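Listed below are the residues making up each chain.
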Amino acid sequence: MNFDFNEDQRALADTVHRFVARDYTFEKRRAIRDSKPGWSREVWQVLADLGVLAINIDEDYGGLGYGPQETGLVMGAFGAGLLLEPYLTGAVVAPALIRRAASADFQEEWLPRVATGETIVVLADADARDAPVREVGGNLAGRKAVVAHGGCADLLLVSARCADGLTGLFAVTPGADGVTLRDYPTLDGQRAADLALNDAPAVRLDAGGARDAIDAALDIGLAALCAEAVGIMDATVAATTEYLKTRQQFGQPIGRFQALQHRMADMLLHLEQARSMSYLAAMDCSNDDAAARRRTLSAAKVTVGQACRFIAQNAVQLHGGMGMTDEMILSHWFKRLTAIEMSFGDTDFHLQRFAANLSREARAA
Amino acid sequence: MDLSFSPEENTFREEVRRFVAEKLPDAIRHKVMNGVHLSREEHVQWQRALHGRGWGGVGWPREFGGPGWTPTEQYIFEEECAAAGAPRLISFGLKMIAPVLMAFGSPAQQQRFLPKIMSAEEWWCQGYSEPGAGSDLASVKTRAIREGDHYVVNGQKTWTTLGQYADWIFCLVRTDPEAKKQSGISFLLIDMKSPGVTVRPIITLDGAHEVNEVWLEDVRVPLENRVGEENKGWTYAKFLLGHERTNIAGIGIAKRELARLKRIAAAEGRLDQPLFAAKVAQVEIDLMALEITNLRVLSAEREHKAPGPEASILKIKGTEIQQTISELMMQAVGACALPFKQAGVGPDYAANLGTGYCNLRKLSIFGGSNEIQKNIISQMIMGL
């Protein structure tokens, strides 16, 4: 048992940390956020050149063949920089999904292009409540809601209820007839889109249902999301500690006050428990035993989600009025942590799923 | 990063499991599994069984007769013992005074005391807290005045856990009342049979006799029973407080009690109630996270990278988890937790859930209250 990262892993993390510190400053990010697309294809190409788009793709397809641990390191490093580009969906979830759901030909055609950054592939899974996407005569109809980075996609992978009763996975080209994307910013400065499909042409990728493959890919994404959250929380706790040491009131640094010290200790407890669960999530997210995998990932998302809320809220509270300003990166960390808690199933969803499993186990025993 | 135990560690786990299965008497196991207090004899019986296997000095290096385990092996040992319902180790001798004697005691003290701790021939208790010195331990007032080759000790110690069983007590006493409070303290080993030592029970809210007051009136203590130098006792005291780390989170015990909670909750149909099931789920998740956090601390400890303050994280979360489990067990049986010390009322498993809940409120108070632990975290780790 050891919790150390090896030399290659540390080098990878250093590369990304250096990129964020030098080339993805808060000012740079603000300019990208305020640009029309709200993200940067140029940055995407830089990431491709650094090799980080290739880490989740097998060597056979031009990738580096790394796994969830390396992904976690990269996501953690991106976390503090609040990357606006579609790394999680395009470089983590998409390759995992293509690998699991699509034919060898499809993999051979698309995975190398994902690795080089040429093509951005985005999964659109969650249906709009009132118009779930269905297959009708080989084409798709219905809507997907708040598709993360849907507007960046060169190729969409869309889940749909098929005539055969299964959940199918379809390749859809943005810009094709019957495909409408409404792209917009989200609370955390990232982008999302609503996808409307009106008898849209689509190519079915799976043979015999894709639900398991989609869930497995999303679980790999969830572990990566947990690592991102820990990266942001590390930065948030460090910045708040520093603020408490410098901000003077009543003639002394406010960090001398026990009420605030204990709040910081509580934040650290949340952070370390979240870090532990993000490690466990990385270990278990590619487990083929879906029940065991879900148990770990739900536990991880509960721990991380609760930490996100607690740390984000208290970091703003302890910064006082300054924590409320758009000027400070802290408020942007706050918003991203808020969004993370609500993504990939929120704390309540995962707590309920874990609890329901307890009831089932009890009945089985 | 690799979160699995090594093949050697797994073999060791099997060995411990087999040993406990063979040697742990059913009567003791049944009591532990149901949260019943053990007698002195039962504790001693188990310690002797461990000693017979060469495992009497848990946490001790080989040179003092211990098994020389790594922190991870010790963790595995305690986890397996807890899971199987073995008594918790009586820590006052094994894990508190023994490491102090190994580090600071004279060879004569080491030879005199250590073997009898391992063999459970002598029971130790802790003379730290006083009525006026709890969290502010350095303000101890018990006075020791040198008279020839003896100290004469006067004062009162309190919260002395299982002092009623003890043969010896290690005490913080004030030898220099003029010095700044941390610098006038010495560390004495006192024979409980000495004239002038009186033990008075303190009955706690659960009706149990677990802690005591120890009164010291003109107790004569030979100079050779002082550990280390005069007025350096605070150094040894802090060493002792910081030493017991590997099992501070109580992961093994918490896992065993969680399993008991689930059995009781299932029997009561409470896991079909979403609100209750969510509370059980929450504590199980917290425990999963703490287990990994604990392994991280152990792993760092093995490589001598992180010294102490991280243990405060383990103490806070570990005690909160154990308290929550005891609270949920009580909740699970509803009114059946209320009859006080009544056998045969309600289901058997409900008999001591109310008192168990009351008893475990101590966890966040002793060993440095959880508020003191938060001071340590914010000041020592975060630098505030």
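Residues numbered from 1 in each chain as written. Chains lettered and ligands numbered in written order. Predicted model: local features only at pLDDT ≥ 70, side-chain atom pairs only at ≥ 80, totals over all residues.

**Side note on the overall build of chain B**
Looking only at helices and strands, chain B has 12 helices and 8 strands in total. Expected size for 384 residues packed as a compact globule is a radius of gyration near 21 Å; at 21 Å, chain B falls within 12% of this value. Within the span of chain B, comprising 384 residues, buried residues form 45% of the whole. Look at the contacts in chain B between residues 6 or more apart in sequence, and 72% of them connect residues 24 or more apart. (Helix = DSSP H or I, 4+ residues; strand = E, 2+ residues; numbered from the N terminus. Rg over C-alpha atoms; globule rule 2.2 N^0.38 Å. Buried ≥ 20, exposed ≤ 12 C-beta atoms within 10 Å, placed from the backbone. Contact = placed C-beta atoms within 7 Å.)

**Details of the overall build of chain A**
Helix and strand counts for chain A stand at 11 helices and 10 strands. Against the 2.2 N^0.38 benchmark of 21 Å for 365 residues, chain A shows a C-alpha radius of gyration of 21 Å, consistent with a compact globule. Each of the three principal axes of chain A carries a C-alpha extent, and together these read 75 × 55 × 45 Å. Residues classed as buried in chain A amount to 51% of the 365 residues present.

**A look at the interface of chain B and chain A**
The partner chain A presents 34 residues to the 35 residues of chain B that form the contact. Residue assignment for the side of chain B that touches chain A shows that the elements contributing at least two residues are α8 (251-267), α9 (274-302), α10 (310-333) and α12 (370-381) of chain B. Ranked by the residues each element gives to the side of chain B that touches chain A, the list is headed by α9(B), at 15 residues. By residue class, the composition of the side of chain B that touches chain A is 22 nonpolar, 7 polar and 6 charged. (Nonpolar A, V, L, I, M, F, W, Y, C, P; charged D, E, K, R; others polar.)

**Digging into the domain arrangement of chain B**
Often, the extent of an interface is quoted as the loss of accessible area upon association of its parts. Annotation of chain B at the domain level lists domain 1 (7-89), domain 2 (124-233) and domain 3 (248-381). Each of domain 1 of chain B and domain 2 of chain B has a C-alpha centre, and the two are 30 Å apart. (Domains from an automatic or database assignment.)

**Remarks on the domain arrangement of chain A**
Residue and element names in this part refer to chain A. When the domains of chain A are assigned, the result is domain 1 (7-115), domain 2 (121-204) and domain 3 (211-364). Computed over C-alpha atoms, the centres of domain 1 and domain 2 are 22 Å apart. The interface is formed by 14 residues belonging to domain 1 together with 12 residues belonging to domain 2.

**Thoughts on the pairing of strand β3 (residues 150-157) of chain B**
Residue and element names in this part refer to chain B. Burial along β3 is one-sided: the face carrying Tyr151, Val153, Gly155 and Lys157 is buried and the face carrying His150, Val152, Asn154 and Gln156 is not. Here strand β2 (residues 143-147) hands over to β3 after 2 residues, with Gly148 in that stretch at a positive phi of 65°. In this structure, β3 lies alongside strand β7 (residues 209-222), joined through 7 bridges in antiparallel fashion. Along β7, the bridge assignment pairs Val152 with Arg220. (Pairing = 2+ DSSP bridges.)

**Here's the deal with helix α3 (residues 41-50) of chain A**
All names here are of chain A. Among all positions of α3, only Val43, Trp44 and Leu47 are buried. Taken around the axis of α3, the buried residues stretch over an arc of 105°, which confines them to a single face. When the buried face of α3 is taken as reference, the exposed residues oriented beyond 90 degrees from it are Arg41, Glu42 and Asp49. Immediately downstream of α3, the backbone of Gly51 shows phi near 95°, a positive value. (Arc of directions from axis to C-beta.)

**Regarding the packing of helix α8 (residues 258-284) of chain A against helix α9 (residues 290-319) of chain A**
All names here are of chain A. Relative to each other, α8 and α9 sit at 155°, their axes nearing to 8 Å. The pairing of α8 with α9 is recorded here as roughly antiparallel in orientation. Pair α8 / α9 crosses with left-handed handedness. Residues of the contact of α8 with α9, tallied by class, amount to 16 nonpolar, 7 polar and 3 charged. (Axes fitted to C-alpha atoms, helices over the stretch in contact; angles between N-to-C directions. Parallel < 35°, antiparallel > 145°, perpendicular 65-115°, else oblique. Left-handed = near helix turned anticlockwise from the far one by under 90°.)

**What about the packing of helix α4 (residues 71-83) of chain B against α8(B)?**
Residues and elements named next belong to chain B. Interaxial distance between α4 and α8 falls to 7 Å at its minimum, and their mutual angle equals 25°. By the criterion of interaxial angle, the relationship of α4 to α8 is roughly parallel. For α4 against α8, the interelement crossing comes out right-handed. Residues Glu78, Glu79, Cys81, Ala82 and Ala83 of α4 form the contact with α8, whose own contacting residues are Ile251, Gly252, Ile253, Lys255 and Arg256.

**Remarks on the nonpolar core**
Core analysis: the biggest nonpolar cluster contains 228 residues, and A:Leu97, A:Cys226 and A:Ala229 have the highest contact counts within it. Apart from the residues within four sequence positions on either side, A:Ala229 is in contact with A:Gly79, A:Ala274, A:Val304, A:Cys308, A:Leu337 and A:Ile340. (Core = buried A, V, L, I, M, F, W, Y, C linked by C-beta atoms within 7 Å.)

**Quick word on unusual backbone geometry**
Residues and elements named next belong to chain A. Look at Leu82: it is not a glycine, yet its phi comes out positive at around 55°. Structurally, Leu82 can be placed in the loop between α4 (68-81) and α5 (87-101). For Leu82, a count of 24 C-beta atoms within 10 Å corresponds to the buried category. The residue Phe250 is not glycine, and still its phi comes out positive at about 55°. With respect to the helices, strands and loops of the structure, Phe250 is situated in the loop between β9 (248-249) and β10 (252-253). Residue classification places Phe250 among the exposed residues on the basis of 8 C-beta atoms within 10 Å.

**A few points about the pairing of strand β5 (residues 185-191) of chain B**
All names here are of chain B. In terms of residue burial, β5 counts as a mostly covered element, since 6 of its 7 residues are buried. In the sheet, strand β4 (residues 168-174) pairs with β5 via 7 bridges, with the strands oriented antiparallel. Note on β5: the bridge partner recorded for Ile169 is Ile190. The pairing of β5 with strand β8 (residues 226-227) spans 2 bridges and is antiparallel. Pairing of Leu188 across the sheet is with Arg226, part of β8.

**Remarks on the environment of A:Gln306**
For A:Gln306, the position within the fold is in helix α9. In contact with A:Gln306, other than residues within four places in its own chain, are A:His270 and A:Thr347.

**Things to note about helix α10 (residues 329-342) of chain A**
Residue and element names in this part refer to chain A. In this model α10 runs 20 Å from its N-terminal to its C-terminal C-alpha over 14 residues, within 8% of the 20 Å that 1.5 Å per residue would give. Regarding α10, the residues found buried are Leu330, Trp333, Phe334, Arg336, Leu337 and Ile340. The secondary structure elements touched by the buried residues of α10 are α7 (211-246) and α9. Following α10 by one or two positions, Phe344 has its phi on the positive side, about 55°. (Expected span 1.5 Å × (residues − 1).)

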